[in-house]
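# Inside the fold
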Amino acid sequence: MSVSSNASSASSVSGVTTSNGRRSSLGRNSESGTGSGTDSSELSHILNRRQVIIDSQEAGIEVPHTFKVVNVYTEFHEFSRKQIKEYQKTFNTYDTGRDGYLDLTELKYMMEKLGAPQTHLGLKEMIKEVDEDNDGKISFREFLLIYRKAQAGELDNDSGLNQLARLTEISVEEVGVSGAKNFFEAKIEQQLRSNKFHDEIRQEQEERRRQEEEKANRRLLFQQRAAIFQ
């Protein structure tokens, strides 16, 4: 291969000219700042990569996959090494394809096993919420984002991700399979009782509001009749 062709290949890897005239960096961003470990550089890499994918798809250009080594132990400093290893075991349990990702089918299987099945749309929303590289599946790093968001209170109480986080906090190795099963069932029963409790409160509020409206209507009718004799 000639020197000019090598230069051309290097140029094609380091940048992609998009349909709107922007030139986005690929290889340079994935290599630089490897040791920085800062949240800003990580977010910048993700946003740049996503923009490259979007722009290139619009231009009909195929973007090659890039691989970026991530040290989850340093990035997710809020978790201990033991916690991360436990999360890794949970992740591996449902990564039946052994490809390092949870796709929609595997996530569906996981939620069913946890006793919190989701609709097809619900599963897609779960993936979308943590799918930072926009590849339609959950990597282990993105799996850890679920627990980070749960710990920070950034997940809706009724969301699929919040259910996943709550139901997988238990360690199967510590309590055994039967204990974990009982734990999951207790969690589900607790949630059902909570939902029933809220339904009863809402029904009481609606009944109280209906009674107040009837009382106000009777008062208005009395005033209208009394006005006739004045």
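Note: the structure precedes this text.
In this text the structure is predicted, and so the values were computed from the model without any measurement.

### Overview of the overall build of the chain
Along its length, the chain carries 10 helices and four strands. Reading the chain from its N end, one meets helices and strands in the order α-β-β-α-α-α-α-β-α-α-β-α-α-α. With 230 residues in all, the chain has 27% of them scored as buried. Sequence separation of 24 or more characterises 50% of the internal contacts of the chain that already satisfy a separation of 6 or more. Carbon and sulfur atoms form 51% of the exposed surface of the chain, whose accessible area is close to 15400 Å².

### Some remarks on unusual backbone geometry
For residues that are not glycine, phi is negative in most cases, and the peptide bond is trans in most cases. A positive phi angle, close to 55 degrees, is found at Arg 98, a residue other than glycine. Judged by its relative accessible area of 61%, Arg 98 falls in the exposed class. Here the phi dihedral of Asn 134 falls at roughly 60 degrees; this positive angle occurs in a residue that is not glycine. Residue class for Asn 134 comes out partly exposed when judged on its relative accessible area of 44%.

### What about a negative patch on the surface?
A surface patch of negative charge is lined by Glu 125, Glu 129, Asp 156 and Asp 158. A relative accessible area of 44% means that Glu 125 is categorised as partly exposed.

### So, helix H7 (residues 120–130)
Inspection of H7 places Gly 122, Leu 123, Met 126, Ile 127 and Val 130 among the buried residues, and these make up the whole buried set. The buried residues of H7 occupy an angular sector of 140 degrees when projected down its axis, which confines them to one face. Among the exposed residues of H7, those oriented more than 90 degrees off its buried face are His 120, Leu 121 and Lys 128. Packing partners of the buried residues in H7 comprise helix H6 (104–113), strand S4 (138–139), helix H8 (140–151) and helix H9 (160–167).

### Section: the nonpolar core
Leu 107, Phe 143, Ile 146 and Leu 164 are the most contacted members of the largest nonpolar core, which has 29 residues in total. Those elements that place two or more of their residues in this core are helix H5 (81–94), H6, H7, H8 and H9. Once you skip the residues sitting within four places of it in the chain, Ile 146 turns out to touch Val 130, Leu 155, Leu 161, Leu 164 and Ala 165.

### What about the packing of aromatic side chains?
A complete count under the given rule lists eight aromatic pairs for this structure. Centre to centre, the rings of Phe 143 and Tyr 147 are 5.3 Å apart; their planes meet at 75 degrees, and the pair counts as edge-to-face. With Phe 143 and Tyr 147 both in helix H8 and four residues apart, this pair spans about one turn of that helix. Take Phe 143 and Tyr 147: they sit in the same class, and that class is buried. Site record: aromatic cluster; members linked through ring pairs are Phe 76, Phe 79, Tyr 87, Phe 91, Phe 140, Phe 143 and Tyr 147. Of note, Lys 137 hangs over the ring of Tyr 101, and the distance from its end group to the ring centre comes to 4.3 Å.

Definitions and limits used
Residues numbered from 1 in each chain as written. Predicted model: local features only at pLDDT ≥ 70, side-chain atom pairs only at ≥ 80, totals over all residues. Heavy atoms only, no water. Helix = DSSP H or I, 4+ residues; strand = E, 2+ residues; numbered from the N terminus. Buried < 20%, exposed > 50% of the residue type's maximum accessible area, 1.4 Å probe, protein only. Contact = heavy atoms within 4.5 Å. Areas by Shrake-Rupley, 256 points an atom, 1.4 Å probe, with all protein chains shown as cover. Patch = residues over 30% accessible without salt bridge, like charges linked within 9 Å, V, L, I, M, F, W, Y side chains within 5 Å. Salt bridge = Lys/Arg side-chain N within 4 Å of Asp/Glu carboxyl O. Lys, Arg positive; Asp, Glu negative; His and termini not counted. Charge placed at Lys NZ, Arg CZ, Asp CG, Glu CD. Arc of directions from axis to C-beta. Core = buried A, V, L, I, M, F, W, Y, C linked by side-chain atoms within 4.5 Å. Phe/Tyr/Trp six-rings, centres within 6.5 Å; stacked < 30°, edge-to-face > 60°. Lys NZ or Arg CZ within 6 Å of the ring centre and 35° of its normal.

By themselves these figures say nothing about function.
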